[in-house]
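Below, each chain spelled out in residue letters.
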Amino acid sequence: MTNADPMTGIERRAGREAVLRRSPFWALGRVINSERPWPWIAPVVILLLGIGLYPFIYNIRNSFREFNPMTGNVEPVGLENWRRLLQDDRLHGAFLTSAKYVLAALVIEFVLGLAIAVLLNSGPAISGLWQSLMILPMVVPPTVAAVMFRVLENPDYGALQWLLEGVGLIDKQEPLLGGTGRYAMAAVLIPEIWQWTPFFVLILLAGLKALPQDPLEAAQVDGAGAWRQFWDITLPMLRPMIAVAVLFRLVDLLKVFDYIFVLTSGGPGTRTEVLSFYAYQRSFVTIEWGYGSVLGIVILVLAIVLANVYVRVFKVAW
Amino acid sequence: MARQTKSWRQLHQGTIVKTLLAAVVSLIFFAPILWWMLASIKPTPEILRSPPRLLGFDPTLNWFRVVLGNADPTRFNIETTGSVGRGSGGSTFYSIPYLRDSMIIAVGSTLLVLLLATPAAYALSRFTIRRSKDLTLWILSQRMLPPVVVAFPLFMMFRDFGLIDTYRGMILVHAAINAPLAILLLRSFFDEVPRELDEAAMIDGATRFGAFRGVLLHYLRGGLAATAVLSFIFSWNEFLLSLVLTTGIVRTVPVASSTFTTAFATEWGYMAALGTASMIPIFIFILLVQRHLVRGLTLGALK
């Protein structure tokens, strides 16, 4: 190795160090090369603290104050906002709506996603093409997806409405969007499921492809049927992938906002008002800043507790 | 794959059934996109036709002429809507400014996040850091932060610093949103490069920074590309914070498409044209990094 290492270009080292020593960045170079991790990590941590931690502290401070529309000032109200939290029926409703939304979306997306992943893994021709087509819904901007489904679900000319009427699932009097809002929840779940079932397909398909084949072959030799093989061997081996996929979807589902904002605005009434939409309403529509901050803290704590319990129970590791 | 090289004649009957089923399922998922792209070249009566037609309509480029070419929408109203009425605030349909704003913010935040996250990912992968597990979990927990929680404080903070309706404000926010993704994903790529490579280079006299640069240039191109594409897409699609932190002087595509909905039904064509124009570049990007998609979407937890 008399030539320069192609990876680091060492033969120029002496010259470069001389340049470093003269340049104003000399001190910076010393710090970076000192084997201490903090100079490498600090810039991004500062960014995360500024955008993540500052708002959290602000929310806590703000939770003890409230905007007074009469005076136009933010005034201290002590524990009033927190007391209000305990008696807020609308929050109770939003919590139940969120729970319904998250559970329905998770179950449907997981079951559908698993079924499609198994199908794509079972050896159809040109499976790469089908997989690529499946990925696309995931990267459509959620607001654009919601707008698309606003037309598709339109009571008068929506193609989806027409299709569901055709198979007799719903009728003109009780359309997906509008009417008494009986199907409003389904109406916001449809774009959600359309966009995020592919997420499960993608992860579970990658998992299926990486599974060792020996146990399956052994089971086949032992004469186990396809269902037995799937339940007793494939599914348990897929567990780590399933755990990660559900975790990521769960975390994102708690944040859901776009579909509801575009499709129903939480309505009719508060039928599709999930937690994050309710917090948005309090902060930005009815201008109850303090109470909006309280709701924000509640959502954050809920998300962190849920995710932590989940990570522990299912032993997800990074 | 061996399966794909079989000729059609050799295909088992079961394979044909599976292929048909796979085709039907994936086309169901693709159908709304296809329909929306078609709507962007259909005249209004055709968009509002139930059931929609795949073929046999007179295509029109008028929506794109307005949305991308700044043509006067009133000129086209008779052709496309069958009425002479003017849409609400015609000029707002011209979407090049929204696409430009989205592009500047997405590219800017992607560059910023790569600049800040790459060294951090390298440090997490290479240095022994006290409580590095806690640090990783803290970074991960930033990803769980619901935007609605930070929206209001950020709005107040931005107002105080004069960052409302600025590119630099939005770039900072989107970079922070994407930082956890970038750090954890890049760390998983760094972890795949043996530590011994750095150590050998440093024994040969390279500085730590030189070793970092070497690994980066020689082994991490694919990983950087995948991280960049995912950051770009998440920034491009982000809605709530863009809605709250801008008032219209700067306006991103997702915010613009949601404002189109509040007006009359005759504006679907403009929305379809904007939606199509904003989706196609993303599709091309994502198909290019398909290989790394699983790892990206799970922040490196699954490879």
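Residues numbered from 1 in each chain as written. Chains lettered and ligands numbered in written order. Predicted model: local features only at pLDDT ≥ 70, side-chain atom pairs only at ≥ 80, totals over all residues. Heavy atoms only, no water.

Visitor: Looking at this model, I keep getting lost on the pattern of salt bridges. Mind explaining?
Guide: Side chains that differ in charge, positive against negative, can pair when their charged atoms come close. Counted according to the given criterion, the structure contains 17 salt bridges over all chains. Here R53 of chain B makes a salt bridge to E46 of chain B, at a shortest N to O gap of 3.0 Å. Take R53 of chain B: its relative accessible area is 31%, and that puts it in the partly exposed class. Bridged by salt links that share partners, the residues E109, E192, R249, D252 and K255 of chain A together with R143 of chain B form one connected network. (Salt bridge = Lys/Arg side-chain N within 4 Å of Asp/Glu carboxyl O. Buried < 20%, exposed > 50% of the residue type's maximum accessible area, 1.4 Å probe, protein only.)

Visitor: It is not clear to me how unusual backbone geometry should be interpreted in this structure. Could you clarify?
Guide: The phi torsion of most residues other than glycine is negative, and most of the peptide bonds are trans. Residues and elements named next belong to chain A. Phi at S265 takes a positive value of approximately 50°, unusual for a residue other than glycine. Among the secondary structure elements, S265 is positioned in the loop between α12 (258-263) and α13 (275-285). The exposure class assigned to S265 is partly exposed, which follows from its relative accessible area of 44%. (Helix = DSSP H or I, 4+ residues; strand = E, 2+ residues; numbered from the N terminus.)

Visitor: Help me out: how do you make sense of helix α11 (residues 226-253) of chain A in this one?
Guide: Given 3.6 residues per turn, any residue in an α-helix points the same way as the ones three and four places further on. Taking 1.5 Å of rise per residue, the 28 residues of α11 of chain A would be expected to cover 40 Å, yet its terminal C-alpha atoms sit only 33 Å apart, more than 12% below that figure. If you look at α11 of chain A, its biggest bend is around 55°, right at R239 of chain A, and the proline P240 of chain A turns up within four residues after that. (Expected span 1.5 Å × (residues − 1). Bend = angle between axes of the 7 residues up to and from the residue.)

Visitor: Any chance you could explain empty space enclosed by the protein here in plain terms?
Guide: Over the atoms, a rolled probe matching the size of one water molecule traces out where space is still vacant. A complete count under the given rule lists four cavities of 30 Å³ or more for this structure. Roughly 900 Å³ of internal volume is contained in the largest cavity. What lines the largest cavity is a set of 39 residues, among which D252 and K255 of chain A together with P147, F234 and E238 of chain B lie closest to the centre. Taken together, the residues that form the lining of the largest cavity break down as 28 nonpolar, four polar and seven charged. The two domains that each donate at least three residues to the lining of the largest cavity are domain 1 (9-63) and domain 2 (84-313) of chain A. (1 Å grid on protein atoms, 1.4 Å probe; cavity = no way out; pocket = protein on both sides within 12 Å on 5 of 7 lines; lining within 4 Å. Points joined across faces, edges and corners; volume = space filled by probe spheres on them. Nonpolar A, V, L, I, M, F, W, Y, C, P; charged D, E, K, R; others polar. Domains from an automatic or database assignment.)

Visitor: Would you explain the packing of aromatic side chains in this entry?
Guide: Two numbers describe a pair of aromatic rings. These are the distance of the centres and the angle of the planes. Tallied over the entire structure, the rule returns 33 aromatic pairs over all chains. With a centroid separation of 6.1 Å and an interplanar angle of 80°, the aromatic rings of F284 of chain A and F155 of chain B are classed as edge-to-face. Highlighted residues: F284 of chain A in helix α13 and F155 of chain B in helix α8 (residues 147-161), drawn from two different chains. On the basis of an interplanar angle of 90° and a centroid distance of 6.4 Å, the ring pair of Y122 of chain B and F127 of chain B is categorised as edge-to-face. Residue Y122 of chain B is classed as buried on the basis of its relative accessible area of 0%. Aromatic ring contacts, followed pair by pair, group Y54, Y58, F67, F257, F261, F277, Y280, F284 and W289 of chain A together with F152, F155 and F239 of chain B into a single cluster. The residue whose ring lies beneath R84 of chain A is Y291 of chain A, and the NZ or CZ to ring-centre distance is 4.0 Å. Positioned above the aromatic ring of F189 of chain B is the side chain of R295 of chain B, whose terminal nitrogen or guanidinium carbon lies 3.9 Å from the ring centre. (Phe/Tyr/Trp six-rings, centres within 6.5 Å; stacked < 30°, edge-to-face > 60°. Lys NZ or Arg CZ within 6 Å of the ring centre and 35° of its normal.)

Visitor: Before we go on, may I ask you to explain a nonpolar patch on the surface in this structure?
Guide: Residues and elements named next belong to chain A. A contiguous nonpolar patch, built from L103, V107, I108, V111 and L112 and spanning about 430 Å² of accessible area, is present on the exposed surface. Secondary-structure assignment places L112 in helix α5 (residues 89-121). The exposure class assigned to L112 is partly exposed, which follows from its relative accessible area of 35%. (Patch = residues over 30% accessible without salt bridge, like charges linked within 9 Å, V, L, I, M, F, W, Y side chains within 5 Å. Areas by Shrake-Rupley, 256 points an atom, 1.4 Å probe, with all protein chains shown as cover.)

Visitor: Help me out: how do you make sense of the packing of helix α7 (residues 142-152) of chain A against helix α2 (residues 13-39) of chain B in this one?
Guide: For any two helices packed against each other, one specifies the inter-axial angle together with the distance between the axes. Between α7 of chain A and α2 of chain B, the shortest axis-to-axis distance is 11 Å and the interhelical angle comes to 80°. By the angle between their axes, α7 of chain A is roughly perpendicular relative to α2 of chain B. Residues V144, V147, M148, F149, V151 and L152 of chain A of α7 of chain A touch α2 of chain B, and the partners they reach there are P32, I33, W35 and W36 of chain B. Residues that form the contact of α7 of chain A with α2 of chain B fall into these classes: ten nonpolar, no polar and no charged. (Axes fitted to C-alpha atoms, helices over the stretch in contact; angles between N-to-C directions. Parallel < 35°, antiparallel > 145°, perpendicular 65-115°, else oblique. Contact = heavy atoms within 4.5 Å.)

Visitor: Sorry, what's going on with the side chain of R65 of chain A here?
Guide: By secondary structure assignment, the location of R65 of chain A is in strand β1 (residues 65-68). When sequence neighbours within four positions are dropped, the list of residues in contact with R65 of chain A reads Y58, V74, E75, P76, V77, N81 and G290 of chain A.

Visitor: Can you walk me through the interface of chain A and chain B in this structure?
Guide: Many structure descriptions define interface size as the accessible area lost when the parts assemble. On the side of chain B, 109 residues touch chain A, which itself brings 97 residues to the contact. Note on chain A versus chain B: buried area summed over both sides is about 9,400 Å², and carbon and sulfur give 79% of it. Inspection of the region where chain A meets chain B yields one salt bridge. Note that D252 of chain A and R143 of chain B form a salt bridge whose closest N and O atoms lie 3.5 Å from each other. Taken together, the connections running from chain A to chain B amount to ten residue pairs in polar contact (both at pLDDT 80 or more). The leading source of residues in the side of chain A that touches chain B is helix α3 (residues 38-62) of chain A, at 16 residues. Across the side of chain A that touches chain B, the residue classes break down as 67 nonpolar, 20 polar and ten charged. (Buried area = accessible area lost by both parts, 1.4 Å probe. Polar contact = N/O pair within 3.5 Å; in protein donor to acceptor, adjacent residues only side chain to side chain.)

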